[in-house]
Amino acid sequence: MKPSRRRLLQRAGSVVLLLGTRELAFGASIVAVRVWPAADYTRVTIESDTALAAKHFMAENPQRVVIDVEGLELSPELREVVGKVKAGDPFISGVRVGQNQPRVVRLVIDLKQPTAPQVFTLDPVAAYRHRLVFDLYPTAERDPLLALVQEKVYADRAAAEPSDRAASAVNDALGDFIGQMGGHGNKPAASATGPLPVPPVAGSEPPSAGAAAAKRIAERLVIVALDPGHGGEDPGAIGPTGLREKDVVLQVAQRLRARINEQPNMRAMMTRDADFFVPLNERVRKARRVQADLFISIHADAFIKPHARGASVFALSERGATSVEARWMAQKENAADLVGGTNIKSKDAAVTRALLDMSTSVQIRDSLRLGSEVLGRIGQVGRLHKPRVEQAGFAVLKAPDVPSILVETAFISNPEEEKRLRDPAYQTQLVEALLSGILRYFAKNPPLARNRSM
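Residues numbered from 1 in each chain as written. Predicted model: local features only at pLDDT ≥ 70, side-chain atom pairs only at ≥ 80, totals over all residues. Heavy atoms only, no water.

Caption draft 1: Quick peek at the overall build of the protein. The secondary structure content of the protein amounts to 14 helices and 14 strands. For the protein, the residues scored as buried account for 48% of the 454 residues in total. A fraction of 76% describes how many contacts in the protein between residues 6 or more apart in sequence connect residues 24 or more apart. For the protein, the accessible surface area stands at approximately 21,400 Å², while carbon and sulfur atoms represent 54% of it. (Helix = DSSP H or I, 4+ residues; strand = E, 2+ residues; numbered from the N terminus. Buried < 20%, exposed > 50% of the residue type's maximum accessible area, 1.4 Å probe, protein only. Contact = heavy atoms within 4.5 Å. Areas by Shrake-Rupley, 256 points an atom, 1.4 Å probe, with all protein chains shown as cover.)

What follows is the structure, given as structure tokens:
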């Protein structure tokens, strides 16, 4: 072969190689498209084999968010997002997908309410490859403490006789009450063994007797924040037969919420009440927004060896973990944000994380007291992995003013314990043990008065 011809073929080969590389760069393949609707926010995730870039803008009449995803050709996998939007989604009314430009796919998300979208990417982690995430948040966040008070008012009214005008007056005055609630405080006055006393509150008189009654409800409610671990993109640990941690802990938390709500003057708030992901700092922020008296994070452990078994209770530590296992557990749970996917560029998240570093020795002391009561009751319905409350640097336990514990209900990686966790009868026993520990703690440590400006 002549040298000139050889050089020509080599150059041609280089051109082919470059073209192939360019095609690969612009030809990302879609692995999966997922939609996670929830009252807090709706998440849309596009998972691909290579990283994607996107630009977005808002449009009016009707309200919609327009997203241009670069490096894509329209595919059947992308079209699936249209059918994955459910009628009950609180944010999305519909999705349209089309090829806007060569290698640019446009998604138009029609909105049901004013929305503040966040668009970001996640690097490969765990079982996931590259993810492009669209989080649709409401522009106006509801008052969660007011929601609990309103729920209590409706429950009391339903339990009362139809002729009970006092309950009706409370309900009718909620509009006045909404406009007066604001600020943040600490705790409600309480006694876990009887009716909760109503402390005097300084300040101007409310405009109506109904608002005053609603105000007293806010002051006397004992609020327990329940935190089912993982959720949404993060399944948590998975048992030998496929039972997912995120599902079983949600079931346990829902059962416990129902039992707490049956107690006089008590209410449970859940950081998630469906299958969606909540960042660790947001779980703590939710508890603080309702001025929770307790925070209980519920999990189901896993270990590399299937014979590991037993329940554990953890509190926060200021001086390192109390054991190698506790340190390993904290590192594993603290990695949930990487798997579930959180926008690390969010300024609000950074501010919240800085605030939560201000943990106090008083909070840890009360958390250990709570943990001891709960651990003792759990030990009566199942085996304990450790006979004492362990401590480590769990991010989800860092509310500086709320006694907080993390309960590992069992080792879901153990076949026998996975079977028990799946059993509704065992879940009921576990819930009764948790409730008993909570009530015993309150009997010995009555909460202080909640102080919320009106």
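Caption draft 2: Spotlight on helix α3 (residues 144-159). With 16 residues, α3 ought to run about 22 Å at 1.5 Å a step, and its terminal C-alpha atoms sit 23 Å apart, in line with that. Residues of α3 that are buried include every one of P144, L145, L146, L148, V149, K152 and V153, and no others. You can read the cap of α3 off the contacts: a side-chain oxygen lies 3.0 Å from the backbone nitrogen of L145, and it is on D143. (Expected span 1.5 Å × (residues − 1). Polar contact = N/O pair within 3.5 Å; in protein donor to acceptor, adjacent residues only side chain to side chain.)

Caption draft 3: Layout of the pattern of salt bridges. Scanning all chains against the criterion turns up 28 salt bridges. For the salt bridge of D40 with K286, the shortest nitrogen-to-oxygen distance reads 2.0 Å. Of this pair, D40 sits in the loop between β1 (30-36) and β2 (42-48) while K286 sits in helix α8 (residues 280-289), placing them 246 residues apart in sequence. A salt bridge links R106 to D68, with the nearest nitrogen and oxygen atoms 2.7 Å apart. Taken together, the residues R106 in strand β6 (residues 104-111) and D68 in strand β4 (residues 64-70) connect sequence positions 38 residues apart. With a relative accessible area of 25%, R106 lands in the partly exposed category. D68 gets classed as buried once you look at its relative accessible area, which sits at 14%. (Salt bridge = Lys/Arg side-chain N within 4 Å of Asp/Glu carboxyl O.)

Caption draft 4: The sheet that holds β2, seen in detail. Strand order in the open sheet made by the four strands is β1-β2-β8-β7, with antiparallel pairing throughout. The sheet is open, and its two edges are formed by β1 and β7 (115-122), each paired on a single side. Put simply, the sheet's adjacent strands are angled 10° from each other on average, direction ignored. The sheet contact formed by β7 and strand β8 (residues 130-138) spans eight bridges and is antiparallel. Within β8, the residue paired with T115 across the bridge is P138. Across the sheet, helix α2 (residues 76-84) touches β1 and β2, and the angle it forms with β1 is around 15°. (Pairing = 2+ DSSP bridges. Axes fitted to C-alpha atoms, helices over the stretch in contact; angles between N-to-C directions.)

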